[in-house]
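Okay, here's what each chain looks like letter by letter:
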Amino acid sequence: MKKISEFLWPLVGLAAVVISGYFLYQELKTTSLSAIWAAIQAIPPHRILLAALSTLVAYAALAWYDRIALMHLGVRHISWFFVSVCSFTTYALSHNIGASVFSGALVRYRAYTAKGLSAAQVAVLVALCSFTFFLGTVLLGGIVLVIDPQLLSRLEGRLPGFLTDPKTALVVGCGMLGFVALYVVGSILHMRPLTIRSFKLEYPRPAIMGRQLLAAPLELLGAAGILYFALPEGMNPGFIPVLAIFLASFSVALASHAPGGLGVFEIVFITAMQITDAAQKDAIIAAVIVFRIFYFWIPAVISVIVVLLYERGRLANAIGGAAVVPSSVPDAPVVAPGVEHMDPHRIEERLEEKAV
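Below: a short report on this structure. (Residues numbered from 1 in each chain as written. Predicted model: local features only at pLDDT ≥ 70, side-chain atom pairs only at ≥ 80, totals over all residues. Heavy atoms only, no water.)

## Comments concerning the overall build of the chain
For the record, the criterion: Each helix is a run of DSSP H or I of at least 4 residues and each strand a run of E of at least 2, with the numbering of both proceeding from the N terminus. Each residue gets one of three labels from its accessible area relative to the maximum for its type: buried under 20%, exposed over 50%, partly exposed in between, using a 1.4 Å probe on protein chains only. Note on contacts: a residue pair qualifies if any of its non-hydrogen atoms lie within 4.5 Å across the two residues. The protein chains shown are the only cover counted for residues, whose accessible areas, like all others here, come from Shrake-Rupley with a 1.4 Å probe.
Broken down by element type, the chain carries twelve helices and two strands. Taken across its 356 residues, the chain has 45% of its residues classed as buried. Sequence-distant contacts, at least 24 apart, represent 74% of the contacts inside the chain between residues at least 6 apart. For the chain, the exposed area adds up to about 17,500 Å²; of that, 69% sits on carbon and sulfur atoms.

This is the structure in structure tokens:
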């Protein structure tokens, strides 16, 4: 029997799409498709190229997530090329479908079990990749709030007054950096897991922790770079504000459970950009569309092709009787560095239930 949460989160995601879609319509009803298309055409070719390069940086860093997780597992026989293709396909699909922990887990399950990993090992890999993203968001979020505590004032009138106060932003930023510092110190000193009620923090080896702190910010910087380069120079607030707005928009979109954050990401980003005239609105919408094209839609099309070719190859091997003998790999660690709500054992159960 399916759990209530199986039905609840899709409904929450649908509600988020409908509500954000309504507010987005209110924002867009005064503009036109021709004006947005003109704004896209006005983006200089060199900035489009830089946005494309930022996309490559983001997806290369995501591939590094998988590589780091495999290092944690002690798995070294899988090539960088296979890991990169698997990671790219996983994230391209999960970014568009939503529920990235589980939609991404199923793609990884199909790919990595063919290379000899068990369901438990894939579960640990998924948990570590998820926590690496979370860690990068906390680290960069803390840095931007400490550097510029005025950033939350962009949402003044949309959030309670105490949340947009610069002092609150500074305290929140310091708290986020303190969390990362605790993670670093705990890893270096090999501290026992920190448990506070339902929250549990596991400390990895320093070699894993150090790579996490490099890979996670790199992916987010690359993704934010797409928006930064797509915005016109004349109305571009600078990379730090764009990064901060991107982190807030992307985090809210993920929390909404809306497929691909559709509508949710757009309304938060447009609102936080503080539009003052129609030309600005058109340029910002154009930048968001460019972001969707590079970070979501083009990778999704490529990933579908990759999955079809991969499954076709496996089917051909099965029909032809070609047996693929997976390489032996060491047993997975009992836990993945991360928090309890991403418990690898729970992810493993979901994998075995859904995998076909």
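There is more to say after this.
## Notes on the layout of surface pockets
Definition in use: Buriedness of a pocket was judged along seven lines, with at least five required to meet protein on both sides within 12 Å; pockets are open sets of points on a 1 Å grid over the protein atoms alone, cavities are sets where a 1.4 Å probe fits but cannot get out, and lining residues have an atom within 4 Å of a point. Grid points are joined across faces, edges and corners, and a volume is the space filled by probe spheres set on the points. Here the nonpolar group is Ala, Val, Leu, Ile, Met, Phe, Trp, Tyr, Cys and Pro; Asp, Glu, Lys and Arg are the charged ones; every other residue, Gly included, is treated as polar.
Taken as a whole, the second largest pocket encloses approximately 300 Å³ of empty space. For the second largest pocket, the lining is made up of 14 residues, of which Phe82, Val85, Thr89, Val306 and Tyr310 are closest to its centre. Counting residues per element, the ones that place at least two in the lining of the second largest pocket are α4 (80-97), α5 (100-113) and α11 (278-320). Looking at the lining of the second largest pocket residue by residue, the classes come out as eleven nonpolar, one polar and two charged.

## Observations regarding α4
Condition: Helix span, expected: 1.5 Å multiplied by one less than the number of residues in the helix.
Along its 18 residues, α4 runs 25 Å from first to last C-alpha, staying within 8% of the 26 Å computed at 1.5 Å per residue. Buried residues of α4: Phe82, Val83, Cys86, Ser87, Thr89, Thr90, Tyr91, Ala92, Leu93, Ser94 and His95, and no others.

## Re the nonpolar core
Selection rule: For the purposes of this section, nonpolar cores are sets of buried Ala, Val, Leu, Ile, Met, Phe, Trp, Tyr and Cys residues that join through side-chain atoms within 4.5 Å.
Within the largest apolar cluster, 73 residues are counted, with the highest numbers of intra-cluster contacts made by Leu70, Tyr112, Phe246, Phe265, Phe291 and Tyr295. Once residues lying within four places of it in the same chain are set aside, the contact partners of phenylalanine 246 are Leu220, Ala223, Ala224, Leu227, Phe265, Phe269 and Phe291. Phe179, Val180, Tyr183 and Met209 belong to the second-largest nonpolar core, a separate cluster that totals nine residues.

## Some thoughts on the pattern of salt bridges
Just so we agree on the cut-off: Salt bridge criterion: a side-chain nitrogen from Lys or Arg within 4 Å of a carboxyl oxygen from Asp or Glu.
Summed over all chains, the structure comprises three salt bridges. One salt bridge in this structure joins aspartate 66 and arginine 108, with 2.9 Å as the shortest N-O distance. Separated by 42 residues along the polypeptide, aspartate 66 in helix α3 (residues 45-73) and arginine 108 in helix α5 bring together distant segments of the chain. Of the two residues, aspartate 66 and arginine 108, neither departs from the other in class, the shared state being buried. A salt bridge links glutamate 266 to arginine 292, with the nearest nitrogen and oxygen atoms 2.6 Å apart.

## Focus: the packing of helix α6 (residues 119-147) against helix α9 (residues 239-256)
Inclusion rule: The axes used here are C-alpha line fits, helices contributing only the stretch in contact, and every angle between their N-to-C directions lies in the interval 0 to 180 degrees. Under this scheme an angle from 65 to 115 degrees is roughly perpendicular, one under 35 degrees roughly parallel, and one over 145 degrees roughly antiparallel; angles in between are oblique. For a crossing to be left-handed, the near helix must be turned anticlockwise from the far one by less than a right angle; the clockwise case is right-handed.
Axis separation between α6 and α9 bottoms out at 10 Å; the angle between their running directions is 140 degrees. Taken together, the axes of α6 and α9 are oblique relative to one another. Here α6 runs over α9; the crossing is left-handed. Contacts from Phe133, Thr137, Leu140, Gly141 and Val144 of α6 reach α9 at Ile240, Leu243, Ala244, Leu247, Phe250, Ser251 and Leu254. Along the lines of polarity and charge, the residues of the contact of α6 with α9 split into nine nonpolar, three polar and no charged.

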